[in-house]
Amino acid sequence: MLGRFRLLLTCAALLAAGAAVAEDLGDPEKGEKIFKKCTGCHQIGSGAVDKIGPHLNGIFGRQAATHDGYRYSKSMKRAGDDGLIWTAGTLDAYLENPRALVSKTRMSFRGLKDAEDRANVLAYLRGFSDNPADIPEAEPTALATDHDIDPAILALEGDPEYGEYLASECLTCHRADGSADGIPSITLWDTEDFVIAMHAYKRKLRPHPVMQMMAGRLNDEEIAALAAYFKDLE
């Protein structure tokens, strides 16, 4: 219990350290229109209830998978246990590519690739926070600035043989056969999702301190090589 408490404190400190100076999120009226894509699964506002997904009132500043009464996926619970807090930065990353931030999330939405669309949705969501007047001027909703990956990094073609050489450290925890006993599988991952996830750890958007350390040791070519190796691992 004490170890988990220390882990959460560490993650919270890392997230706070990575937050940038806040700036305006976007246009909430435009965000309301874009949010219609989400209403098949999520409700927000007065009288909102859980549907396929949890309602999103008060999402800012909440630890992932802690909304009472909703049954979360194992991956989302694990992210919450690791210390994932829904800030403007982490929500932006999740809206861009849900599975890159939370492996095997049940949310089937493919993501909003347009940064302006995401900013507008976040501006809409913030109106249903406990203290919307303080957002984004105050944590925990300060907007992180560096969450986009250079397309040149995503276009790198990794060497799977080099990835195999590098993977020994990964396979001390993750299982080559793809089984996931408490640790998420990374076998047969899409290469782009793998690269985005690893860079999310490097930028401390994903909160697991061990993975942040591991990813921080890797350069772009090494991450691409690991992605190529695990993509086709049988």
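In case you missed it, the structure is sitting above this.
Below, the structure is looked at part by part. (Residues numbered from 1 in each chain as written. Predicted model: local features only at pLDDT ≥ 70, side-chain atom pairs only at ≥ 80, totals over all residues. Heavy atoms only, no water.)

Section: the overall build of the protein
For the protein, the count of helices and strands is 11 helices and 0 strands. Its helices and strands in sequence order give the protein the pattern α-α-α-α-α-α-α-α-α-α-α, from N to C terminus. Among the 234 residues that make up the protein, the fraction classed as buried is 46%. In the protein, the share of contacts with a sequence separation of at least 24, taken over all contacts with a separation of at least 6, comes to 65%. As presented, the protein carries roughly 12500 Å² of accessible surface, and 52% of it is formed by carbon and sulfur atoms. (Helix = DSSP H or I, 4+ residues; strand = E, 2+ residues; numbered from the N terminus. Buried < 20%, exposed > 50% of the residue type's maximum accessible area, 1.4 Å probe, protein only. Contact = heavy atoms within 4.5 Å. Areas by Shrake-Rupley, 256 points an atom, 1.4 Å probe, with all protein chains shown as cover.)

Concerning the packing of aromatic side chains
Note on aromatic pairs: each is described by the distance of the centres and the angle between the planes. Taken as a whole and judged by the stated rule, the model has 8 aromatic pairs. Judged by centre distance (5.9 Å) and plane angle (20 degrees), the ring pair of Phe-194 and Phe-230 falls under stacked. Taken together, the positions of Phe-194 in helix 9 (residues 191-202) and Phe-230 in helix 11 (residues 220-231) put the pair 36 residues apart, joining distant regions of the chain. For the pair formed by Phe-194 and Phe-230, the shared burial category is buried. Taking 5.1 Å as the distance between ring centres and 65 degrees as the angle between the ring planes, the aromatic pair formed by Tyr-229 and Phe-230 counts as edge-to-face. When sorted by exposure, Tyr-229 lands in the same class as Phe-230, which is buried. Each residue in the set Trp-189, Phe-194, Tyr-229 and Phe-230 is aromatic and connected to the rest through ring pairs, giving one cluster. (Phe/Tyr/Trp six-rings, centres within 6.5 Å; stacked < 30°, edge-to-face > 60°.)

What about the packing of helix 9 against helix 11?
Interaxial distance between helix 9 and helix 11 falls to 9 Å at its minimum, and their mutual angle equals 140 degrees. Put simply, helix 9 runs oblique to helix 11. Between helix 9 and helix 11 lies a crossing whose hand is right-handed. Packed against helix 9, whose contacting residues are Thr-191, Phe-194, Val-195, Met-198, His-199 and Lys-202, the element helix 11 presents Asp-220, Ile-223, Leu-226, Ala-227, Ala-228, Phe-230 and Lys-231 at the interface. Split by residue class, the contact of helix 9 with helix 11 holds 8 nonpolar, 2 polar and 3 charged. (Axes fitted to C-alpha atoms, helices over the stretch in contact; angles between N-to-C directions. Parallel < 35°, antiparallel > 145°, perpendicular 65-115°, else oblique. Left-handed = near helix turned anticlockwise from the far one by under 90°. Nonpolar A, V, L, I, M, F, W, Y, C, P; charged D, E, K, R; others polar.)

What to know about the environment of Asp-232
Among the structural elements, Asp-232 can be located in the segment after helix 11. Residues Asp-232 and Asp-190, 42 residues apart in the sequence, show an inter-C-alpha distance of 9.2 Å. At 3.5 Å, the side chain of Asp-232 forms a polar contact with the side chain of Lys-231. (Polar contact = N/O pair within 3.5 Å; in protein donor to acceptor, adjacent residues only side chain to side chain.)

Describing the pattern of salt bridges
Under the definition given, this model contains 4 salt bridges. For the salt bridge of Arg-118 with Asp-92, the shortest nitrogen-to-oxygen distance reads 2.9 Å. Of this pair, Arg-118 sits in helix 6 (residues 115-126) while Asp-92 sits in helix 4 (residues 88-96); the two residues are 26 residues apart in sequence, bridging distant segments of the chain. Residue classification places Arg-118 among the buried positions, given a relative accessible area of 0%. Asp-92 gets classed as buried once you look at its relative accessible area, which sits at 4%. (Salt bridge = Lys/Arg side-chain N within 4 Å of Asp/Glu carboxyl O.)

A short note on the nonpolar core
Phe-60, Trp-86 and Leu-125 are the most contacted members of the largest nonpolar core, which totals 31 residues. If you list the elements that add at least two residues to this core, you get helix 2 (28-35), helix 3 (74-81), helix 4 and helix 6. Residue contacts for Leu-125: discarding those within four places in its chain leaves Phe-35, Ile-44, Leu-56 and Phe-60. Counting residues in each nonpolar core, the second largest holds 24 residues, with Ala-197, Met-211, Ala-215 and Ala-227 among its members. (Core = buried A, V, L, I, M, F, W, Y, C linked by side-chain atoms within 4.5 Å.)

A word on helix 2
Three or more residues of helix 2 are buried, namely Gly-31, Ile-34 and Phe-35. Considered in projection along helix 2, the buried side chains sweep an arc of 100 degrees and stay on one side of the axis. Opposite the packed face of helix 2, turned more than 90 degrees from it, sit the exposed residues Glu-29 and Lys-33. The distance from a side-chain oxygen at the start of helix 2 to the backbone nitrogen of Glu-29 is 2.9 Å, and the residue carrying that oxygen is Asp-27. (Arc of directions from axis to C-beta.)

Focus: a positive patch on the surface
A surface patch of like charges, here positive, comprises Arg-71, Lys-74, Lys-77 and Arg-106. Within the fold, Lys-74 resides in helix 3. Take Lys-74: its relative accessible area is 72%, and that puts it in the exposed class. (Patch = residues over 30% accessible without salt bridge, like charges linked within 9 Å, V, L, I, M, F, W, Y side chains within 5 Å. Lys, Arg positive; Asp, Glu negative; His and termini not counted. Charge placed at Lys NZ, Arg CZ, Asp CG, Glu CD.)

Don't take any of this as a statement about function, it's just geometry.
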